[in-house]
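Fold and contact review
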Amino acid sequence: MAKKSNAPRYDENGARRVMRKRDYMADFSGQLALGLMANIVGQLNYFYTDKVGIAVGSVGVVLAIAKIIDAFTDMIAGNMIDHSQGGDHKYFKWMAKLMVPAAIIAVMMFTVPIQAGQFPAVLYALITNLLLSAVLYTFIATPFGAVMIVRTHSISERSSMGLLRAVANYGAGMMVSVMTIPITNMLGGTQAAWIKYGAVLGLLILLLLGICWNNGRKARFACDYEEDGGAGAWEEEEKPVPFQEAIRLLFGNRYWVIVLLFNLITSVTTAIAASGGTYYCKWIFGNDNLVGVTGAMGMVATVIGFLLSKLIITRLGIKKTISIGLVGAALLAVVRSFMPTNFMVYLVTGLLGSFVQIPMMSLYGVLTAMTVDYNEWKYDKKLVAMSGGAIGFGNKVGSGLGSMLLAAFLAIGAYDATREVASASMVYSIYGFSNYLPIVINFAMFLIFRRFDLEEKLPGMRAEVAQRRAAKQQ
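Each chain has its residues counted from 1, following the order in which its sequence is written. Per-residue local features are limited, in this predicted model, to residues with pLDDT of at least 70; the limit for side-chain atom pairs, both in listing and counting, is 80 or more; totals at the level of whole chains, interfaces and linings are taken over all residues. Side-chain descriptors were evaluated using all non-hydrogen atoms of the structure, hydrogens and water having been removed beforehand.

Geometrically, a pair of aromatic rings is defined through the distance of the ring centres and the angle of the planes. Each pair of aromatic rings taken from Phe, Tyr and Trp, with Trp reduced to its six-membered ring, is defined by centres within 6.5 Å and is described as stacked if the planes are under 30 degrees apart, edge-to-face if over 60, and tilted in the remaining cases. Per the stated rule, a full pass over the model turns up 21 aromatic pairs. For the pair Tyr280 and Tyr346, a centre-to-centre distance of 4.5 Å together with 20 degrees between the ring planes defines the contact as stacked. Here Tyr280, found in helix 9 (residues 254–283), pairs with Tyr346, found in helix 11 (residues 343–361); they are 66 residues apart in sequence, far enough to count as distant. Take Tyr280 and Tyr346: they sit in the same class, and that class is buried. Chaining the aromatic ring pairs together yields one cluster made of Tyr255, Phe262, Tyr374, Trp377, Phe449 and Phe452. For the cation-ring pair, Lys97 lies above Trp94, with the distance from its terminal atom to the ring centre recorded as 5.8 Å. Working rule: Lys NZ or Arg CZ, within 6 Å of ring centre, within 35 degrees of ring normal, means a charge sits over the ring. In this structure, Arg165 packs its charged tip against the face of Phe144, placed 3.9 Å from the ring centre. Strands are runs of DSSP state E lasting at least 2 residues, helices are runs of H or I lasting at least 4, and numbering of each runs from the N terminus. Categorising residues by exposure relies on relative accessible area from a 1.4 Å probe, with only protein chains included: less than 20% of the type maximum marks a residue as buried, more than 50% marks it as exposed, and the intermediate range marks it as partly exposed.

Okay, the nonpolar core next. If you look at the biggest cluster of nonpolar residues, it comprises 112 residues, and the most contacted ones within it are Tyr48, Ile54, Tyr279, Ile322, Leu367 and Phe452. When residues in this core are grouped by element, the largest group, 17 residues, is from helix 5 (residues 118–151). Not counting the four nearest positions on each side in its chain, Tyr279 is found in contact with Asn45, Tyr46, Thr49, Asp50, Ile284, Leu406, Leu410, Tyr415, Ile430 and Phe433. Buried Ala, Val, Leu, Ile, Met, Phe, Trp, Tyr and Cys residues that are joined via side-chain atoms within 4.5 Å together make up what is termed a nonpolar core. Judged by nonpolar contacts, the second largest core, of 11 residues, contains Met75, Val241, Ala246 and Trp256. In what follows, a contact means two residues having at least one pair of non-hydrogen atoms within 4.5 Å.

It is worth spelling out the environment of Ala146 at this point. Of note, Ala146 is situated in helix 5. On the basis of relative accessibility, which here comes to 3%, the residue Ala146 falls in the buried class. Along the primary structure Ala146 and Thr368 are separated by 222 residues, whereas in three dimensions their C-alpha atoms are 9.3 Å apart. The residues touching Ala146, leaving out its near neighbours within four places in the chain, are Tyr91, Val384 and Ala385.

With that out of the way, let us pick up the packing of helix 4 (residues 92–108) against helix 5. Describing two packed helices takes the angle between their axes plus the distance from one axis to the other. At their nearest, the axes of helix 4 and helix 5 sit 9 Å apart, and the two run at 150 degrees to each other. One finds that helix 4 runs roughly antiparallel with respect to helix 5. The two elements helix 4 and helix 5 meet at a crossing, and its hand is left-handed. When helix 4 is examined against helix 5, the residues Phe92, Trp94, Met95, Leu98, Pro101, Ala102, Ile105, Ala106 and Met108 are found in contact with a partner set consisting of Tyr124, Thr128, Leu131, Leu132, Leu136, Phe139, Ile140, Pro143, Phe144 and Val147. Ten residue types, Ala, Val, Leu, Ile, Met, Phe, Trp, Tyr, Cys and Pro, are classed as nonpolar, four, Asp, Glu, Lys and Arg, as charged, and the remainder, Gly among them, as polar. Broken down by class, the residue content of the contact of helix 4 with helix 5 amounts to 18 nonpolar, 1 polar and no charged. For helices, the fitted line uses only the C-alpha atoms of the stretch in contact; every axis is such a line through C-alpha atoms, and the angle between N-to-C directions lies from 0 to 180 degrees. Here the angle decides the label: under 35 degrees means roughly parallel, over 145 means roughly antiparallel, 65 to 115 means roughly perpendicular, and every other value means oblique. Helix crossings get a hand from a simple test, with the near helix turned counterclockwise from the far one by less than a right angle marking a left-handed crossing and a clockwise turn marking a right-handed one.

The term salt bridge refers to a pairing of a side-chain nitrogen on Lys or Arg with a carboxyl oxygen on Asp or Glu at a separation within 4 Å. Scanning the entire structure with this criterion turns up 4 salt bridges. Asp27 is paired through a salt bridge with Arg165; the nearest N and O atoms lie 2.7 Å apart. On the criterion of sequence distance, the pair formed by Asp27 in helix 1 (residues 21–42) and Arg165 in helix 6 (residues 155–186) is long-range, its members being 138 residues apart. No difference in accessibility class separates Asp27 from Arg165, as the two residues are buried. With a closest N to O distance of 3.4 Å, Arg254 and Asp453 form a salt bridge. Taken as a pair, Arg254 in helix 9 and Asp453 in the loop between helix 14 (424–449) and helix 15 (454–473) lie far apart in primary sequence, 199 residues in all. On the accessibility criterion, Arg254 (33% relative accessible area) is partly exposed.

As a further point, take the side chain of Glu376. On the secondary structure map, Glu376 appears in helix 12 (residues 364–379). Each residue touching Glu376, except ones within four places of it in the same chain, is listed here: Lys381, Lys382, Val465, Arg468 and Arg469.

Here you go:
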């Protein structure tokens, strides 16, 4: 007898599966759009210094201020979303309101009025950065991140969503890394070329967010299948928690603090890598178009890494997967430090670095969901959006610190974009943020993450929470 397509499906832990192929692809589209928005910002350091002509020091200050302000809006957004009405179905309405503005500001990022002088250009750069990152990205990404937690109760489906989101996020980074310099150079390499490029990205962002929103507004969530509530029953609204109390509770969750630090520190390396590769190829190897070559080759390691991620995570577990990714990245940076001018070494260590870190990147959302489960066990409060928003705080601060560190290294090295050949101080500043800093950062994060033992404790905690719920219903 043929199996009915609408028959209930359950995972190995007895949780009902609710995701369909089109749900996964729509979720993938949403993350891809957010990845493009984030990686546009990652290219701005090079754009501002070499294409517009803003002073290096001013660029560092602008990006750092924007990210720090942006970081605090993540927590504010999380608290606002947790206080909004609509149960588990409320999250996609935020995306609907902000899709079009996000596409417009993505283009405006590149229309810096440098002809008006340094101060107007710097002010314009700061305002557009804040609008894109602190407002639009934050109020789309924070509720979108919460969707993974409330969409399904199945850990297996959450892991699949996390893997696809990691593919989308990394894919967006690779697209921007591979395409930006070759395409803008093909269009003339001027600011006008970057504006045209930004217009195409803006339209793509709008299309991808539209696909995600259209599917999400019609989707059925886990709470719609509750056996005791019947189809269409919404999960009971969690009582709003005041902002200050929510912050206190989150910092009382040591696992959340570890994940916060994990996001912060890895975001520093990501932000530096986003622009650092362009400086490395331009000044160490003498050709910034090589960024496209390294990015294209990196896609091979990326695809292989993502194909094997689920198997690696299943075999090693969460903690070991992350530990191997951090130590592996540090050791590869050590190798690169000994042969910094060898392009093949640079290429191979980059490929291997992508491969060892891909499984780790797939776990960002899963780690956040685990801290939410711990919140429920410890406080009887999930703090879904606030947890994700405050984790976003770590991402944004890390990105800001990364941009600031990159600018600081360049300033210390007396960076001069008008030179034909890099000075010795410029070369060593590039080595500093590309080779030496990743060694320190990745080893530091490895030591911090050794204290994360929630993976082993979580099954017992979930069982206890289930018993509490059952007792309340009696």
